[in-house]
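Fold and contact review
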Amino acid sequence: MMTRAAEVEMVVDAFLDNEDSGDIINPIHSTGFAQRYGFRGALVGGVTVWGWATPAILEAIGDGWLDRGWADFAFRQPTYPGDRMTVRVRLAEAGAFAVTMTNQDGVDCVIATVGLGDAPWLGEVTSPERRAVEPPPEPKPQLTLDGAPIGRDLVPLAQPMFLDDAREYVRVSQRTDDPRFAGERPRIPPGWLAGRFEDLLRHNFAIPASMHTRSRVQHLAPAWAGQTIVSAARMVEAYERKGHHFGVFDCLVLGEGGLRLAHIRHTTIFRIAEASSAAR
């Protein structure tokens, strides 16, 4: 698992991988809805943007990152369709790599640190005990700061990720024919794994819109397409900042037979502040 390059740079032209409509599951990724909250247009999904960094990370670190590697990434500014994003991966301290995703105006929209082996923060992430798949609650409750289930497990969710599902995901969301993710035996793309919690959030709560702000992801084992994936999580924190309501969750992504594929600490805004309440 030796590193392969001290510095890698790639360019990606940003695009929406969803219909630009307020009727989608998370309408912050549509123009009309996002503009009501002070944004200039639809926000490209966070895990979609993060997925675009995968080729540069693999060129710098190698495929071992997919099997037992880690990432700590934060979204500092929105990425909009049409942005030209420069992805830079460079060797930093202690063998880790610094990743930036910078738009055409020189704004770092995403900053990250990635590395091989176990992340230095892995011991901080808790494991949910509730892992058996269950139907969603009826009716789904609203998630609020006062009623946030801190310290409690969420209702787990099962989702198929079969061979054609993986190939379709990278075709639509990553626009790549990389044989690692679109070949005869495709891997599950890291961006898809990182996005499991947002689906799990909506399995448990009635959420009008949300904004993914940060993730810590530890890959624990090779994740191959062709199986059903189970996501389980525990809420660890809830707080308010600049009018936004944030939730922090520890998520465990499991393959068939209960194989632990990834451990994630996911931070999301589950109530977005009105445009007058938060500086943009």
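Calculation criteria
- Residues numbered from 1 in each chain as written.
- Predicted model: local features only at pLDDT ≥ 70, side-chain atom pairs only at ≥ 80, totals over all residues.
- Heavy atoms only, no water.
- Pairing = 2+ DSSP bridges.
- Helix = DSSP H or I, 4+ residues; strand = E, 2+ residues; numbered from the N terminus.
- Axes fitted to C-alpha atoms, helices over the stretch in contact; angles between N-to-C directions.
- Contact = heavy atoms within 4.5 Å.
- Buried < 20%, exposed > 50% of the residue type's maximum accessible area, 1.4 Å probe, protein only.
- Salt bridge = Lys/Arg side-chain N within 4 Å of Asp/Glu carboxyl O.

A sheet is described by the order of its strands in space; here 10 strands give the open sequence β1-β3-β4-β5-β2-β7-β10-β9-β8-β6, paired in antiparallel fashion. Two strands bound the open sheet, and with one partner strand each, they are β1 (7-13) and β6 (157-161). Between one strand axis and the next, the sheet turns by 20° as a mean value, whatever way the strands run. Where strand β4 (residues 97-102) meets strand β5 (residues 108-116), six bridges bridge the pair, whose relative direction is antiparallel. Note that in β5 the partner of Thr100 across the bridge is Ile111. Of the strands in this sheet, β1, β3 (84-91), β4 and β5 are in contact with helix α3 (residues 54-61), which crosses β1 at around 165°.

The buried count for strand β10 (residues 260-271) comes to 10 of 12 residues, which makes it a mostly enclosed element. Here strand β7 (residues 211-219) pairs with β10 via eight bridges, running antiparallel. Bridging across to β10, Met211 finds its partner in Ile269. Counting the residues that bridge the hairpin from strand β9 (residues 244-254) to β10 gives five residues, and of these Gly257 lies at a positive phi of roughly 80°.

This part is about the pattern of salt bridges. A complete count under the given rule lists 17 salt bridges for this structure. In this structure, Asp67 engages Arg187 in a salt bridge whose closest nitrogen and oxygen atoms are separated by 2.8 Å. Of this pair, Asp67 sits in helix α4 (residues 64-68) while Arg187 sits in the loop between α6 (179-182) and α7 (190-194), and the two are 120 residues apart along the sequence. For Arg196, the salt bridge goes to Asp199, with nearest N and O atoms at 2.7 Å. Of this pair, Arg196 and Asp199 both sit in helix α8 (residues 196-204), separated by three residues, roughly a single helical turn. Classification of Arg196 as buried rests on a relative accessible area of 5%. According to the relative accessible area criterion, Asp199 is partly exposed, its value standing at 31%. Connected through shared salt-bridge partners, Asp72, Glu124, Arg214 and Arg216 make up one network.

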